[in-house]
Amino acid sequence: MHGEKYEGRKKMGRTPKEEPSIHRHVFRLTDRENAKLLSLFEASGIDNKAKFIVARLFEKELRTIRIDKGTIDFYMRLTTFYGQFRSIGVNYNQLVKLLYRHFSEKKAAAYLYKLEKQTAEMASLCQKIIQLTQDFEEKFQKK
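From a predicted model like this one, the values you see are computed outputs, not experimental measurements.

> Help me out: how do you make sense of the overall build of the chain in this one?
Looking only at helices and strands, the chain has 5 helices and 0 strands in total. Moving toward the C terminus, one meets the helices and strands of the chain in the order α-α-α-α-α. Buried residues in the chain amount to 8% of all 143 residues. Summarising the internal contacts of the chain: among those between residues at least 6 apart in sequence, 33% fall at separations of at least 24.

Below, the structure written as structure tokens:
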């Protein structure tokens, strides 16, 4: 009688899992073991302790990602510096146009000669930066 009343209705709610996790195991740890477990858990990057423990028990591949704040800071500063370097290049082109537009040929050439010296220094500085970046990558990024 009760079953007949609900036969025509659709089932609501979450669809059942194909393999539900129904078995539960409890274990106790000392303070030292718990600290080690928590440090391994945090280093793994997994957001669920149960998934972490199951992965460790059944030797699934776990990758530990360590974020080096110094490397991130170096990258951010290098990116900012590169942006400034590009803006200098844009300003350089605008300056050359203005020199030829507002000054005589002789005076513009004199200013361009001074500008070329500074540009050569900037180019050598850029080469040093590229070399330092490559050295940094070889030493620290490959580890």
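> Just to check I follow, could you spell out helix α2 (residues 31–44) for this structure?
A turn of α-helix holds 3.6 residues, and therefore any two residues three or four places apart point the same way. Under the 1.5 Å per step criterion, the end-to-end length of α2 is 20 Å for 14 residues, consistent within 8% with the ideal 20 Å. Positive backbone phi, at 85°, marks Gly45, one or two positions downstream of α2.

> Even after reading the chapter, I still don't get the packing of α2 against helix α3 (residues 49–57), so can you show me in this structure?
Pairs of packed helices are described in terms of their axes, by the angle between the two and the distance that separates them. At a minimum axis separation of 11 Å, α2 and α3 run at an interaxial angle of 100°. In terms of axis orientation, α2 runs roughly perpendicular to α3. Of the residues in α3, those in contact with Leu37, Leu38, Leu40, Phe41 and Ser44 of α2 are Lys49, Phe52, Ile53 and Arg56. Along the lines of polarity and charge, the residues of the contact of α2 with α3 split into 6 nonpolar, 1 polar and 2 charged.

> Please clarify how the packing of aromatic side chains should be interpreted in this entry.
Two descriptors summarise a pair of aromatic rings, namely the distance from one centre to the other and the angle between the planes of the rings. One pass over the structure, following the stated rule, counts 2 aromatic pairs. With a centroid separation of 5.7 Å and an interplanar angle of 65°, the aromatic rings of Phe41 and Phe52 are classed as edge-to-face. Of this pair, Phe41 sits in helix α2 while Phe52 sits in helix α3, and the two are 11 residues apart along the sequence. Each member of the pair, Phe41 together with Phe52, is buried.

The rules we used
Residues numbered from 1 in each chain as written. Predicted model: local features only at pLDDT ≥ 70, side-chain atom pairs only at ≥ 80, totals over all residues. Heavy atoms only, no water. Helix = DSSP H or I, 4+ residues; strand = E, 2+ residues; numbered from the N terminus. Buried < 20%, exposed > 50% of the residue type's maximum accessible area, 1.4 Å probe, protein only. Contact = heavy atoms within 4.5 Å. Expected span 1.5 Å × (residues − 1). Axes fitted to C-alpha atoms, helices over the stretch in contact; angles between N-to-C directions. Parallel < 35°, antiparallel > 145°, perpendicular 65-115°, else oblique. Nonpolar A, V, L, I, M, F, W, Y, C, P; charged D, E, K, R; others polar. Phe/Tyr/Trp six-rings, centres within 6.5 Å; stacked < 30°, edge-to-face > 60°.

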